[in-house]
Amino acid sequence: MNGHEVKHRDCYESLDAMRDAGGVDLILTSPPYPDARKVEAYGAEFDTSMAGYQKLGDAVFEALKPGGVCALNIDGPVRIWRPELGESERSLIAFKVAIDWAERVGFRYIEHCAYVRDGVPGLFGPRWRSGWEPMHIFSKPGGAVYFDHEGATLPAMQSGRRQIRGTNRSKAGRVENTKNITKDRRQLTTAFRQEFAGAKAFDIEHEAPFSRQLADAYTLCYSPPGGLVGDPFVGS
């Protein structure tokens, strides 16, 4: 990282600044969700209706360079959305936003990932407790997308070990046919796990934190060396 700058201001002011700077390579962000948290909890007001997310999509599009990427972490609450059904159901707004940004705004929808969050197991009524949130990955058309798949991978369990594939016998004696697995071998995933390790992992006093590991993974994947990364909501 060459440097960072934090501004306390409206999210759209930050997006305008990104646009005026010539665009950024990556926007990694998690806007407020349409759930029970109040303005006082987030510290700022944001329109969590579909219209609000549509406005956000337009501004994010303008703030990115051609070929730039937006990694969007967004989910919806479980509430009684259609009372006539008599039961609660999970909001589909995260998927409506993805479709809107792709079809109306004009983003390419290049990947869907999962933000895995360990928590209390069990069922809540007729549902599982949600252990993950959607991560939608968009790119702005008009340029090549930077992508380093090694940026978000971990060493495989067998990395660095030798594997014996069999033996060959000859006049010279027994010869082992071995294959080395180098330390560079990686395991690939699109499910990134939240590591709950107290304040070292994230600001535990923040209302809606996500971990440093999550930010690192997407930054290393989608931002070129020396690239410019922005988050209009900052968060924790």
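I will try to describe carefully the structure that is included in this document. (Residues numbered from 1 in each chain as written. Predicted model: local features only at pLDDT ≥ 70, side-chain atom pairs only at ≥ 80, totals over all residues. Heavy atoms only, no water.)

### Considering the pattern of salt bridges
Note the following rule: Only one rule defines a salt bridge in this text: a Lys or Arg side-chain nitrogen within 4 Å of an Asp or Glu carboxyl oxygen.
Throughout the structure, instances matching the rule amount to 6 salt bridges. What emerges from the salt-bridge pattern is a single network uniting Asp16, Arg19 and Asp20.

### Considering the environment of His112
This is how the line gets drawn: Numbering of helices and strands starts at the N terminus; helices are DSSP runs of H or I of at least 4 residues and strands are runs of E of at least 2. Burial classes: relative accessible area under 20% of the type maximum marks a residue as buried, over 50% as exposed, and values in between as partly exposed (1.4 Å probe, protein chains only).
Along the polypeptide, His112 turns up in strand 5 (residues 108–116). For His112, a relative accessible area of 53% gives the class exposed. Taking the C-alpha atoms as reference points, His112 and Met135, separated by 23 residues in sequence, lie 5.8 Å from one another.

### Points about helix 3 (residues 50–63)
Here is the rule: One less than the number of residues in a helix, times 1.5 Å, gives the span that helix is expected to have. In this description, contact between two residues means that some pair of their heavy atoms is separated by no more than 4.5 Å.
Here helix 3 contains 14 residues, and its C-alpha end-to-end distance of 20 Å stays within 8% of the 20 Å for a straight helix at 1.5 Å per residue. Turning to helix 3, its buried residues number three or more, namely Gly52, Tyr53, Leu56, Gly57, Ala59, Val60, Phe61 and Ala63. Against helix 1 (11–20), strand 1 (24–29), strand 2 (64–73) and helix 4 (93–105) lie the buried residues of helix 3.

### Considerations on the nonpolar core
Operational definition: Side-chain atoms within 4.5 Å link the members of a nonpolar core, which is a set of buried Ala, Val, Leu, Ile, Met, Phe, Trp, Tyr and Cys residues.
Counting residues in each nonpolar core, the largest one holds 27 residues, and the members touching the most others are Leu15, Ile27, Leu56, Val60, Trp101 and Phe107. Excluding its chain neighbours within four sequence positions, the residues that come into contact with Ile27 are Leu15, Met18, Val60, Ala63, Leu64, Val69, Cys70, Ala71, Gly230 and Pro232. Core analysis: the second largest hydrophobic core is formed by 16 residues, Ala71, Tyr115, Ala152 and Leu214 among them.

### A word on the packing of aromatic side chains
As a reminder, the rule being used: The pairing test for Phe, Tyr and Trp rings, Trp by its six-membered ring, is centres within 6.5 Å, and the orientation test on the planes gives stacked under 30 degrees, edge-to-face over 60, and tilted for anything in between. Whether a charge sits over a ring comes down to the Lys NZ or Arg CZ being within 6 Å of the ring centre and within 35 degrees of the ring normal.
Tallied over the full model, the rule gives 8 aromatic pairs. Ring centres 5.4 Å apart and planes at 50 degrees place the aromatic pair Phe107 and Phe138 in the tilted group. Placement of the pair is Phe107 in the loop between helix 4 and strand 5 and Phe138 in strand 8 (residues 132–139), with a sequence separation of 31 residues. Here Phe107 matches Phe138 in class, with each residue buried. Aromatic rings pair up to connect Phe61, Trp101, Phe107, Tyr109 and Phe138 into one cluster. The cationic tip of Lys55 hangs over the ring face of Tyr12; the distance from NZ or CZ to the ring centre is 4.4 Å. Sitting over the ring of Phe61, Lys140 keeps its end group 4.9 Å from the ring centre.

### Considerations on the side chain of Lys140
Threshold: When charges are counted, Lys and Arg are positive and Asp and Glu negative, with His and the chain ends excluded. Polar contacts, as used here, are pairs of N or O atoms within 3.5 Å; protein pairs need one atom able to donate a hydrogen and one able to accept it. Residues neighboring in sequence count only if both atoms are side-chain atoms.
With respect to the helices, strands and loops of the structure, Lys140 is situated in the loop between strand 8 and strand 9 (154–155). Buried charge Lys140 goes without a salt bridge, the closest partner of opposite sign being Glu62 at 5.1 Å. One polar contact links the side chain of Lys140 to the main-chain carbonyl oxygen of Phe61, over a distance of 3.0 Å. Among the polar contacts listed, one links the side chain of Lys140 to the backbone oxygen of Leu64, at a separation of 3.0 Å. The contacts of Lys140, once residues within four sequence positions are left out, are Phe61, Glu62, Leu64, Lys65, Pro66, Gly67, Gly68 and Phe107.

### Some thoughts on the environment of Glu133
Mapped onto the fold, Glu133 is located in strand 8. Given the relative accessible area of 9%, Glu133 is considered buried. With 19 residues separating them in the primary sequence, Glu133 and Ala114 have C-alpha atoms 5.7 Å apart. In this view, Glu133 contacts Tyr33, Asn73, Asp75, Cys113, Ala114, Tyr115 and Arg117; residues no more than four positions away in its chain are not counted. A polar side-chain atom of Glu133 sits 2.7 Å from a polar atom in the side chain of Tyr33. At 3.2 Å, the side chain of Glu133 forms a polar contact with the side chain of Asn73.

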